[in-house]
Amino acid sequence: MLSEAQKEHEMVSEESGGGGEGGRGCGRSCLSKCCLRQGAKLLLYCFSKIDEDLCLPVPKVQPRVSFLDRLLEEWDDRKVRGLFHHDIAACETKVLPGKHNFIIVLIEGRDLKKRPTEFRIDEVLQPFDGDKFNFTKIGQEELIFRFEESSNGKAGYFQSAPIMSSSSPNIIAINVSPIAHGHVLLIPRILDFLPQRIDCQSFLLAMYMVKAARNPYFRMGYNSLGAFATINHLHFQGYYLEVKFPVEKAPTQIIATVGSGVNVAELLEYPVRGLVFEGGKNMLDLSDTVSSACIFLQESNRPFNVLFSECGKRIFLLLQVARARSGFWCDGRTS
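Before going into details, it helps to say that this report is about the structure given with it. (Residues numbered from 1 in each chain as written. Predicted model: local features only at pLDDT ≥ 70, side-chain atom pairs only at ≥ 80, totals over all residues. Heavy atoms only, no water.)

To continue, consider the environment of Phe316. Tracing the backbone through its elements, the reader meets Phe316 in strand 15 (residues 314-319). A sequence separation of 69 residues divides Phe316 from Val247, and the C-alpha atoms of the two residues are 8.4 Å apart. Apart from the residues lying within four places of it in its own chain, the contact partners of Phe316 are Val247, Glu248, Leu267, Leu275, Val276, Asn305, Val306, Leu307 and Ser309. (Helix = DSSP H or I, 4+ residues; strand = E, 2+ residues; numbered from the N terminus. Contact = heavy atoms within 4.5 Å.)

Inspection of the entire model under this criterion finds 14 salt bridges. The partner of Arg78 in a salt bridge is Asp77, with the nearest N and O atoms 3.0 Å apart. Its relative accessible area of 1% is what places Arg78 among the buried residues. When the shortest N-O distance is used, the salt bridge between Glu92 and Lys94 registers 3.6 Å. Exposure remark for Lys94: the relative accessible area of 47% places this residue in the partly exposed category. Salt bridges linked by common partners bring Arg70, Glu74, Asp77, Arg78 and Arg81 together as one network. (Salt bridge = Lys/Arg side-chain N within 4 Å of Asp/Glu carboxyl O. Buried < 20%, exposed > 50% of the residue type's maximum accessible area, 1.4 Å probe, protein only.)

The subject of this paragraph is helix 7 (residues 283-299). Relative to the 24 Å expected for 17 residues at 1.5 Å per residue, helix 7 spans 24 Å between its end C-alpha atoms, a close match to the ideal helical length. Of the surrounding elements, those touching the buried residues of helix 7 are helix 5 (200-213), strand 11 (252-258), strand 12 (262-267), strand 13 (274-279), strand 14 (304-309) and strand 15. A side-chain oxygen of the first residue of helix 7 lies 3.1 Å from the backbone nitrogen of Leu284; this N-cap is Asn282. Asn301 occupies a position one or two residues after helix 7 and carries a positive phi of about 60 degrees. (Expected span 1.5 Å × (residues − 1). Polar contact = N/O pair within 3.5 Å; in protein donor to acceptor, adjacent residues only side chain to side chain.)

Mapping Leu307 onto the fold places it in strand 14. In the structure, Leu307 is positioned 88 residues away from Arg219 in sequence and 7.1 Å away in space, judged by C-alpha atoms.

The next point concerns the packing of helix 3 (residues 67-80) against helix 5. For the pair helix 3 and helix 5, the least separation of the axes is 7 Å and the interaxial angle reads 95 degrees. Comparing the axis directions of helix 3 and helix 5 gives the class roughly perpendicular. Residue-level contacts link Phe67, Leu68 and Leu71 of helix 3 to Met209, Ala212 and Ala213 of helix 5. Of the residues belonging to the contact of helix 3 with helix 5, the class tally is 6 nonpolar, no polar and no charged. (Axes fitted to C-alpha atoms, helices over the stretch in contact; angles between N-to-C directions. Parallel < 35°, antiparallel > 145°, perpendicular 65-115°, else oblique. Nonpolar A, V, L, I, M, F, W, Y, C, P; charged D, E, K, R; others polar.)

Purely spatial values, then, with no claim about function.
Set out below in structure tokens:
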């Protein structure tokens, strides 16, 4: 976390612009140590952990510019700059008839333009390989902002906040091959070079991000290796879509109550096997329960997807069969 002295003079007003200043480093303004720790100053959003209880009402005092509004504003700016492989708004979208009303999106050439899978698809846990593509190699122009815990309990933005030489920032960046408006990546502790592997700390960070959006149409997701992930560098997906997903409408049946009152339900009448988690005393209870289940699956070499729904109040854990890539994601969308 940044100190109060570092943050005070950097607070972003509602009129402030975004973006960042590339570091000197290698000259490519990338997200590796050479540039991030050599003078890079990037837009920072600090989230609050004070209202982490999922049952608490939204506080009356909010940042002048909401997290989601600013995220979408910055995403639209990258679209204007031409940083995406395609215009998702121009892609044909249909809702299929039938029981589940799956959503299909025609994105011509997306599979050809995506970076190739560079790892085995039959092993959920694999070591990080710095010689292969990872998110430190993308340019700073793809970055939306940093996402860090507030040190004073207040959420807000800070313009061009410096990165300490010993820190490994959490990064929110655009997905250059989007499947929906506002499609972004959350990359926890980017300079720690974590492989695509769930840990409790990173899972909780994703929970804070989906809750910071304060909008049920913004969801987060996670794909393990062997379940549509194509890059072995820890990341979560997030995007905005004003429609209820088929999996969110599927009937469920509670099969257990664990921890501090977290209910575990089984998905019924849905083509993918899965569990739904909700309840508990607070966000930490729910996060720890689901992340523990994910850790069990990955250590058992079982590929899976996670969908963070309803601002983090409901978490879907879907079991998959190992595969490198497909147009089908965990929410019932196809591309």
